[in-house]
Amino acid sequence: RRLRWTWRLGYLSAIAGIAYIGYGVYKDRHPEPQVDPDPSKKTLVILGTGWGSISLLKRLDTENYNVIVISPRNYFLFTPLLPSCTNGTIEHRSIMEPVRTILRQKKGRVKFYEAEASSIDPERKVVRIFDNSEIRGDITETEVPYDMLVIGVGAENATFGIPGVREHSCFLKEIGDAQKIRKRIMDCVETAAFKDQSPEEIDRLLHMVVVGGGPTGVEFAGELQDFFEEDIKKLVPEISDRFRVTLIEALPSVLPMFSKQLIEYTESTFKEEKINIHTKTMVKKVTDKTVEAEVTRPDGTKETVVFPYGLLVWATGNAVRPVVKDLMARIPAQKNSRRGLAVNEYLVVQGTRDIWAVGDCAVAGYAPTAQVASQEGNFLARLFNNMAKTEALESKIRELSSSLNLQPGNSAAISREIEEHERQLRRIKDIKPFYYSHQGSLAYIGSEKAVADVTWFNGNVAAAGSLTFLFWRSAYISMCFSMRNRLLVINDWLKSKVFGRDLSRE
Ligand code: FAD
Ligand code: NAI
C-alpha cells in the first residue's frame, strides 16, 4: 500500500514537472501585448547584454521608462558553460538566449540597437554608437541621448602588451572564441595525423598550451583533457601517446581565489589527468609556434623556457574596454581608478550624474564574476523601479495637495490619502546601498570532478570530487537563463555521454 502511494506521488510530481515546463514554454511562445513607450517618461539607455545588463532588464518595470538597449551582441551568453563549448560537450546555441526573446517578455516595449558604444559624453548626455554590420558594408555612426545611463559593457581580454599574444593566441570570452578553439583543436589533430609528419612537428601540433591558471584556464584545461581521453584517443589512436596539455601560471599556484585544500586537490587531479602545471612561470613572448616564459626556480634564479605549441589559449583575466577608458579620461574623479569605473555604494559612477555601472566594467570592490554582475543588475532594477514609484507618488501628492483648496468639503479624505501616499513614499525611499552576498565559487577541473567553496549558514564549506561535479552541474542548470537553455544543455550532456563528442571540423 505504501509503495502504491509512493508511485502515485512519483506520478504526480512528474506531471507537475511536465506541466511546469509546458507552462514555461507556452508563456515564452505566447507573450502578452506590450505597452508602447511613453515619450514623457525618462529615457534609460542600457549598454551591453551580459550578466549585469540582462539581470537589470529581467527585473526592471520597463513601462516606467523609455528603455533602449545597445549591444554588439544580440544575445545573452551563459559564460559559466562556455569552456564546455570548446570541445563540443555543449553546443554553443544551447547557452545563448536571444535578446529579442528576453525583451518581448517585458510589459513595456524596449528598443534594441545592435551596435557598439564608442564614446559617452556625460556633459551632453549622449552615447555615440556605431553599427558595423556586414549587410551595410560601411560603418554607420550616430548618437543616442539619455536621461539615465547604465554601463554594463564587461571587460576585454588582458594581454599586458606581451608581444605576439593578440596575433597568435585564442581567447575564451565569446562564442566565436570557443568555436575557433574547437576548430583549432581538430586542425592540430588532423594535421598531426597527416602523412609523413616529423615526430617534432607532431609533438608541437599536439601540445596544447593554456596561459593563466585562473578558473577560465583551469576549466578549459580540464575540458580539453576530457575531450582527448574520452573521444580523440579512441577515434585517432595513432596520436594517443603524443597529446599533451600544459597550464602556465605566473603565481605559485593555480586557482588563487579557492581555499588551499582545493588548490592542492586541483593540482593533484591535474597530475592524475596528465595535465602539466608550470607555476611561477611568466609568459613574456609569443610567436606563431612557441611561447617563451620566464621560470622562477626554487632558489630564486630565473630561466627562460620555450614551449612549442599547436594550440595556445590565453586566459590571463580582464582589461578595461576602450569606451570605458575614454569615459574615465573625461571624469577627473576617475583619475586614480585603473581596473574600471569606480562606483559608489549605489553603483553610481563616481564624478557623474545619472550614470551607473555594473559588472566587470565597474569597480565596486568585488571580483569580476557573473555572480557579482547579476546581483548588481538586480539591485539597479530595484533602485529604478523604486525611483519610478517615488516620482509617481510625489506627483500624486502634489496633485492631491493642490486639490485640497479646490475641494474643501473633501479635505479630510484627501488628507488621509496624502498621508497614506507619504507613508508609502517613506518606505520606498529608504533604499539600502548595494550589498553583495557571496554564494561561493565553483569550478570544473576535468574527469567529471569539480571544486566548490560554498557559503553555508555564514560559514564556508570546501568540497571536491565527483559529487561536487553533480552539484556543479545542477547549480548551473538551475542558473541557465531559460527553460529552453536548460533543456538544450541537458540534451547536449546526454548526447555527448551516449554518442561521444563530435570530431568534425566545421
Ligand atoms: P559581460 O557578460 O561580458 O557582458 C558585456 C556585454 O557588453 C556584452 O553583451 C557585450 O557584447 C557588450 N559590449 C561590449 N562592448 C560594448 C560596447 N562598446 N558597447 C555596448 N555593448 C558592449 N563568473 C562566475 O561568477 N561564475 C562562473 O562560473 C564564470 N565562468 C566564466 C567562464 C568564462 C569562460 C568566462 C570568460 C567568464 C566566466 N565568469 C564566471 C565571469 C563572468 O562571465 C563575468 O564576470 C560576467 O560575464 C560579467 O558580466 P558583465 O555584464 O559585466 O559583462
Ligand atoms: P583570472 O584573473 O582569474 O586569472 C588569470 C591568471 O593568469 C592569474 O592567476 C595570473 O597570475 C595569470 N597570468 C597573468 N599574466 C600571466 C602571464 N604573462 N603568464 C602566466 N600567467 C599569467 O582570469 P580568468 O580565469 O580569466 O577569470 C576572470 C574572472 O572571471 C575572474 O574573476 C574569475 O573569478 C571569473 N571566472 C569565474 C569562473 C568560475 O567561478 N568557475 C570561471 C571563469 C572565470
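Throughout what follows, the structure given in this document is the object of discussion. Predicted, not measured: the structure shown is a model, and the values here were computed from it.

1. Observations regarding the overall build of the protein chain
Part 1 of the argument: The helix and strand inventory of the protein chain stands at 13 helices and 24 strands.
Part 2 of the argument: Overall, the protein chain is about 100 × 75 × 50 Å in size when its C-alpha atoms are taken along their principal axes.
Part 3 of the argument: Relative to its full complement of 506 residues, the protein chain shows a buried share of 47%.
Part 4 of the argument: A separation of at least 24 residues holds for 64% of the contacts in the protein chain among residues at least 6 apart in sequence.
Part 5 of the argument: Across the protein chain, 68 positive and 64 negative side-chain charges occur, with their mean positions spaced 5 Å apart.

2. Some remarks on the pairing of strand β2 (residues 66-71)
Part 1 of the argument: Most of β2 is tucked away, with 6 of its 6 residues classed as buried.
Part 2 of the argument: Residues of β2 alternate between two faces, with N66, I68 and I70 on one and V67, V69 and S71 on the opposite face, all of them buried.
Part 3 of the argument: Judged from the 5 bridges that link them, strand β1 (residues 43-47) and β2 form a sheet pairing that is parallel. Counterpart to I46 in the pairing with β2 is V69.
Part 4 of the argument: In this fold, the crossover linking β1 to β2 by way of helix α2 (residues 51-59) has right-handed handedness.
Part 5 of the argument: Taken together, the 4 bridges between β2 and strand β5 (residues 111-114) define a ladder with parallel strand orientation. By the bridge assignment for β5, I68 is matched with K111.

3. So, the sheet that holds strand β8 (residues 140-145)
Part 1 of the argument: Strand order across the open sheet formed by 3 strands is β6-β7-β8, with antiparallel pairing between neighbours. Either end of the sheet is taken by a strand with one partner, and the two such strands are β6 (116-121) and β8. Shown here is a sheet whose adjacent strand axes are inclined to one another by a mean of 25°, direction ignored.
Part 2 of the argument: The pairing of strand β7 (residues 126-131) with β8 spans 6 bridges and is classified as antiparallel. Within β8, the residue paired with V127 across the bridge is V144.

4. A few points about the site of ligand 1
Part 1 of the argument: Close contacts around ligand 1 come from 29 residues, with G52, T79, A117, D360 and Y476 the closest.
Part 2 of the argument: When contributions to the shell around ligand 1 are tallied by element, the ones reaching two or more residues are α2, β2, β6 and α10 (370-406).
Part 3 of the argument: Among the elements that take part in the shell around ligand 1, α10 stands out by supplying 3 residues, more than any other.
Part 4 of the argument: Residues that form the shell around ligand 1 fall into these classes: 13 nonpolar, 12 polar and 4 charged.

5. A word on the site of ligand 2
Part 1 of the argument: The full set close to ligand 2 counts 23 residues, and T216, E249, V283, P368 and L442 are the nearest of them.
Part 2 of the argument: V283 is positioned with one of its backbone polar atoms (N or O) 3.0 Å from a nitrogen atom of ligand 2.
Part 3 of the argument: Protein burial of ligand 2: of its 840 Å² of free accessible surface, 79% is covered by the chains.
Part 4 of the argument: Of all elements in the fold, only α7 (215-235) and β14 (281-286) reach the threshold of two or more residues within the shell around ligand 2.
Part 5 of the argument: Partitioning the shell around ligand 2 into residue classes produces 13 nonpolar, 8 polar and 2 charged.

6. Looking at the nonpolar core
Part 1 of the argument: Core analysis: the biggest nonpolar cluster contains 122 residues, and L47, I95, I120, I151, L380 and F384 have the highest contact counts within it.
Part 2 of the argument: Among residues more than four places away in sequence, those in contact with L47 are S53, I70, A117, I120, V127, L149, V150, I151, G152 and V153.
Part 3 of the argument: Listed in part, the 16 residues of the second largest apolar core include I248, V286, F307 and Y309.

7. Overview of the layout of surface pockets
Part 1 of the argument: Of the volumes computed, that of the second largest pocket is approximately 730 Å³.
Part 2 of the argument: If you go around the second largest pocket, you meet 24 residues; those closest to its centre are G24, K27, D28, K58 and Q105.
Part 3 of the argument: Every element with two or more residues in the lining of the second largest pocket is listed here: α1 (2-29), α3 (99-104) and α13 (483-499).

8. Observations concerning unusual backbone geometry
Only a minority of non-glycine residues have a phi that is not negative, and only a minority of peptide bonds are not trans.
Part 1 of the argument: Look at F160: it is not a glycine, yet its phi comes out positive at around 55°.
Part 2 of the argument: Within the fold, F160 resides in the loop between β10 (156-157) and α4 (165-168).
Part 3 of the argument: We note that D354 has phi near 60°; this positive angle belongs to a residue other than glycine.
Part 4 of the argument: Its location among the elements puts D354 in the loop between β19 (341-342) and β20 (355-357).

9. Notes on the pattern of salt bridges
Where charged atoms of side chains with opposite charge meet at close range, the side chains can pair.
Part 1 of the argument: Tallied over the full model, the rule gives 26 salt bridges.
Part 2 of the argument: As a salt-bridge pair, D121 and R124 come within 3.6 Å of each other at their nearest N and O atoms.
Part 3 of the argument: On the basis of relative accessibility, which here comes to 17%, the residue D121 falls in the buried class.
Part 4 of the argument: A salt bridge links R128 to E143; the shortest N-O distance between them is 3.4 Å. Remark: E143 occurs in strand β8 and R128 occurs in strand β7; sequence separation between them is 15 residues.
Part 5 of the argument: When its relative accessible area of 30% is taken as the criterion, R128 is described as partly exposed.
Part 6 of the argument: Sharing partners across several salt bridges, the network here consists of D121, R124, R128, E141 and E143.

10. Thoughts on the state of the cysteines
Part 1 of the argument: Tallied over the entire structure, the rule returns 0 disulfides.
Part 2 of the argument: For the unlinked cysteine C170, the closest cysteine sulfur is that of C188, found at 8.9 Å.
Part 3 of the argument: With no disulfide of its own, C480 has C85 as its nearest cysteine by sulfur position, at a separation of 11 Å.

11. A look at the packing of helix α5 (residues 175-192) against α7
Part 1 of the argument: The geometry of α5 relative to α7 is characterised by a closest axis approach of 13 Å and an angle of 45° between their N-to-C directions. Viewed along their axes, α5 and α7 adopt a mutual orientation that is oblique. Between α5 and α7 the crossing geometry is right-handed. The residues of α7 that touch α5, namely those facing I181, I185, M186 and V189, are F220, L224, F227 and I232.
Part 2 of the argument: Looking at side-chain class alone, the contact of α5 with α7 contains 8 nonpolar, no polar and no charged residues.

12. Brief notes about the pairing of strand β16 (residues 302-308)
Part 1 of the argument: Judged from the 7 bridges that link them, strand β15 (residues 290-296) and β16 form a sheet pairing that is antiparallel. Bridging across to β16, T290 finds its partner in P308.
Part 2 of the argument: Here β15 folds back onto β16, and the loop between the two strands holds 5 residues, one of which, G300, carries a positive phi near 95°.

Reading the values: the criteria
Residues numbered from 1 in each chain as written. Chains lettered and ligands numbered in written order. Predicted model: local features only at pLDDT ≥ 70, side-chain atom pairs only at ≥ 80, totals over all residues. Heavy atoms only, no water. Helix = DSSP H or I, 4+ residues; strand = E, 2+ residues; numbered from the N terminus. Buried < 20%, exposed > 50% of the residue type's maximum accessible area, 1.4 Å probe, protein only. Contact = heavy atoms within 4.5 Å. Lys, Arg positive; Asp, Glu negative; His and termini not counted. Charge placed at Lys NZ, Arg CZ, Asp CG, Glu CD. Pairing = 2+ DSSP bridges. Right-handed = clockwise from strand over helix to strand, strands pointing away. Axes fitted to C-alpha atoms, helices over the stretch in contact; angles between N-to-C directions. Near = heavy atom within 4 Å. Nonpolar A, V, L, I, M, F, W, Y, C, P; charged D, E, K, R; others polar. Polar contact = N/O pair within 3.5 Å; in protein donor to acceptor, adjacent residues only side chain to side chain. Areas by Shrake-Rupley, 256 points an atom, 1.4 Å probe, with all protein chains shown as cover. Core = buried A, V, L, I, M, F, W, Y, C linked by side-chain atoms within 4.5 Å. 1 Å grid on protein atoms, 1.4 Å probe; cavity = no way out; pocket = protein on both sides within 12 Å on 5 of 7 lines; lining within 4 Å. Points joined across faces, edges and corners; volume = space filled by probe spheres on them. Salt bridge = Lys/Arg side-chain N within 4 Å of Asp/Glu carboxyl O. Disulfide = S-S within 2.5 Å. Parallel < 35°, antiparallel > 145°, perpendicular 65-115°, else oblique. Left-handed = near helix turned anticlockwise from the far one by under 90°.

None of this, on its own, says anything about what the molecule does.
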